[in-house]
Amino acid sequence: MTATEAETETRYDHGGDEFVYVELSAAMSLPVHFRSLAITRRLGEEAIPGVEEICPSNASYMVRVDPDRLHPRDLVRELQRIEDEVGSLSDGLTVASRIVDVPIMLNDPWTHEVLMKFRDRHQDPTGTDLDYGARINGYASTEDFIDALAASPYLVTMMGFVPGLPWCFQLVPRERQVEVPKYVRPRTETPERAFGFGGAFAVIYPVKGAGGYQLFGSAPAPIFDGEQRLPDFAENDSVVFFQHGDVINYRRVDREEYDDVRAQVDAGTWRYSYQELEFSPSRFLADPDGTNAAMKEVLYG
Amino acid sequence: MTIRVQDPGLETTVQDTGRLGYYSIGFPPSGALDSFAYHVGNALVGNEPGAAALEAVYLGPTLEFTVDTVVAVTGADIPAFVDGEEIPTWESVAVSSGSVLSFGQLRAGARPYVAVAGGIDVPLYYGSRSTYTLVGIGGFQGRALRAGDELALGSDARDVKAGRRLESGDVPVHPSTAEVHLLVGLHSYRLTDDSLARFTDTEWKVTPDANRVGYRFRGAELEFVPREQPFGAGSDPANVTDCGYPVGSVQVPGGVEPIVLLQDAVTGGGYATLGTVVSVDRDRLAQTKTGDRTRFVPVDLDGALEVRRDRLGALDRIRSALA
């Protein structure tokens, strides 16, 4: 999180005739992410005709354009103008956020079974994904590594892949961040609600399907509900639970609590525990651990 | 006013122009993979441009009509029959209540479309009738059709006559080697110059792993430029910091199996992409099948926009002529 990371050269490129891809930095950092957020927010407010979809992401963003209404090169000029106006880091930016308690069972039997089927696509065919993650991140034991994964909350810095999947960037200084590669070749199978890790990002897979992230655990509660059966989804009239800018506290649970949450989900009574808050990037960057402690206090009292 | 599904074929789904506006939370557009075939089908039966139609793949469905109506079969080159009599494709055909539409063996292409006057009437889901089977939403109960399903038909069909047809010169041919235009870019700098040249020189073979989410190809090995990976990407040379994937973008995990994303695309991820297939050429990919070959012809942005203009201009001309 140094100034130089936030000031790297922005790269504008065309994703065919319909998309413009803007990479603020090849590397992930919170200052870069917040700049992407400030730019895409401004772009949304300007409501430029021909801009069809705005997709903020980790250290980049993407815009879907109707080239019959707005020439993609003209869009790039608009985006460059907005980037200049927004500046290198918007100190005053705040994000309407929630801190959410998300139970997670690490080293669970379900992802273990699947990951063992795909060792031929993995960097280390002999071990497990957790053992591999612990080793390459310099942890003495897999248990220490698991502790680090659940020690501090994460910020949702991107949504997508499939509906509702949150990319979560752990809110800790760089030297404490976990980083792992994606599989050499993606799996054709990932269990529903798997907790995965790729690059510097944790995710929960909303549904079963293909996937390339290291598999570390399993969440008992759904993050996608296509029929809006559960109250969290019905009351917000949304099929996805998470939003950009949410803060997620992954809380380790054992098999007993996992099964208990599953039973509540089956009964249709499960609700996430969360509190609304304003997330201030500049405050966080000035005092990461203090901000995390204060947010957890809001959530757990 | 229904269609009874006697035999669903391999994977027949309800599709329209797609579900726009939710890409940023992970909803791909879905919608007809071969947009040209879908739009011409609707125009032939007198539907509004966004009416829902059926998209099949490899094997056509067997459908019984419980109403007198007009249908058109477009897309793949496949014999179609009404009550056992072969009917012309790319042409509106009258069917009577009790008639059965069926298909023979695919001759070329991969996906036939069935447009019906009034359109297929399923509930709108996030603004579209398109089926997205990966998460089980939209279309008919969020899934491919099964024997015994009854599909309601829309009632706002204009009065159209049978025998309206697409000029034979406008009927797409489906060569066994498809050529699609590629705008190289995104993370193409991650590949060596040799590998990028190899990508556009190679005739890639469609693997069995080819569906509405994307097509995987085999044919050559590509190499990445060695580098110290940026923080957040992950250590594998194919990794980038996770970002949005354009529909039509080409990624190359492991360097051996390029994947082109189609209408049910995953909307983002962390594998390096080397470029994007021009939108109108996704129609051509949609009509390739396992074992077929594909060549990626490089174009710049102006070239991509020209391909788009030509193809959409032709569609506009055809629609006006049929209106």
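These numbers come from a predicted model, not from an experiment. (Residues numbered from 1 in each chain as written. Chains lettered and ligands numbered in written order. Predicted model: local features only at pLDDT ≥ 70, side-chain atom pairs only at ≥ 80, totals over all residues.)

Undergrad: Run through the nonpolar core, naming residues and quoting values.
TA: A:Cys168, B:Ala53 and B:Val71 are the most contacted members of the largest nonpolar core, which has 175 residues in total. Among the elements that line this core, the one with the most residues is helix α2 (residues 30-46) of chain A, at seven residues. Those residues in contact with A:Cys168 that sit more than four places away from it in its chain are A:Tyr154, A:Leu155, A:Val156, A:Phe201, A:Ala202, A:Val203 and A:Ile248. (Core = buried A, V, L, I, M, F, W, Y, C linked by C-beta atoms within 7 Å. Buried ≥ 20, exposed ≤ 12 C-beta atoms within 10 Å, placed from the backbone. Helix = DSSP H or I, 4+ residues; strand = E, 2+ residues; numbered from the N terminus. Contact = placed C-beta atoms within 7 Å.)

Undergrad: Summarise the packing of helix α1 (residues 35-44) of chain B against helix α4 (residues 301-322) of chain B; cite the residues concerned and give the values.
TA: All names here are of chain B. Direction vectors running N to C along α1 and α4 enclose 15 degrees, while the axes themselves pass 9 Å from each other. Put simply, α1 runs roughly parallel to α4. Considering the relative orientation of α1 and α4, their crossing is right-handed. Contact residues: α1 offers Phe36, His39, Val40, Ala43 and Leu44, while α4 offers Leu315, Ile318, Arg319 and Leu322. A breakdown of the residues in the contact of α1 with α4 according to their chemical character gives seven nonpolar, one polar and one charged. (Axes fitted to C-alpha atoms, helices over the stretch in contact; angles between N-to-C directions. Parallel < 35°, antiparallel > 145°, perpendicular 65-115°, else oblique. Left-handed = near helix turned anticlockwise from the far one by under 90°. Nonpolar A, V, L, I, M, F, W, Y, C, P; charged D, E, K, R; others polar.)

Undergrad: Please provide a residue-by-residue account of the pairing of strand β7 (residues 166-170) of chain A, values included.
TA: All names here are of chain A. The element β7 is largely enclosed, with a buried count of five among its five residues. Side chains of β7 alternate between two faces, with Pro166, Cys168 and Gln170 and Trp167 and Phe169 buried alike. Sheet topology places strand β6 (residues 154-159) next to β7; five bridges connect them, and they run antiparallel. Residue pairing in the sheet places Met158 in a bridge with Trp167 of β7. (Pairing = 2+ DSSP bridges.)

Undergrad: Outline the domain arrangement of chain A, supporting the account with residue identities and numerical values.
TA: Interfaces are often described in size by the accessible area the parts lose on coming together. Residues and elements named next belong to chain A. Annotation of chain A at the domain level lists domain 1 (3-86) and domain 2 (96-300). Taken together, the seven residues of domain 1 in the interface contact eight residues of domain 2. The residue makeup of the side of domain 1 that touches domain 2, split by class, is four nonpolar, three polar and no charged. (Domains from an automatic or database assignment.)

Undergrad: Which residues make up the sheet that holds strand β10 (residues 108-116) of chain B, and what values do they have?
TA: Residues and elements named next belong to chain B. Taken together, five strands build an open sheet; the order of strands is β2-β3-β10-β5-β8 and the sheet is antiparallel. The open sheet has two edge strands with one neighbour each: β2 (13-15) and β8 (92-95). Ignoring which end each strand starts from, the neighbouring axes of this sheet average 35 degrees apart. Summarising the sheet, strand β5 (residues 69-77) and β8 pair through four bridges and their orientation is antiparallel. Across the sheet, residue Thr69 finds its bridge partner in β8, namely Val95.

Undergrad: Any chance you could break down helix α3 (residues 72-86) of chain A for me, citing the residues and the numbers?
TA: In a regular helix each residue adds 1.5 Å, so 15 residues correspond to 21 Å; α3(A) covers 21 Å between its end C-alpha atoms and thus fits that length. Restricting attention to buried positions, one finds in α3(A) the residues A:Pro72, A:Leu75, A:Leu79 and A:Glu83. Each buried residue of α3(A) sits inside an arc of 80 degrees when the element is viewed along its axis, so together they form one side. Counted as exposed and oriented over 90 degrees from the buried face of α3(A): A:Arg77, A:Arg81, A:Asp84 and A:Glu85. Packed against the buried residues of α3(A) are β1 (11-15), β2 (19-23), α2, β3 (51-56) and β4 (60-65) of chain A together with α4 of chain B. With its phi angle positive at about 80 degrees, A:Gly87 sits one or two positions after the end of α3(A). (Expected span 1.5 Å × (residues − 1). Arc of directions from axis to C-beta.)

Undergrad: Kindly report on the interface of chain B and chain A, identifying the contributing residues and their values.
TA: At the junction of the two partners, chain B supplies 47 residues and chain A supplies 52 residues. Mapped onto the side of chain B that touches chain A, the elements with two or more residues apiece are β15 (239-244), β18 (268-271), β19 (273-277) and α4 of chain B. The element that contributes the greatest number of residues to the side of chain B that touches chain A is β15(B), accounting for five residues. For the side of chain B that touches chain A, the per-class residue count stands at 22 nonpolar, 21 polar and four charged.

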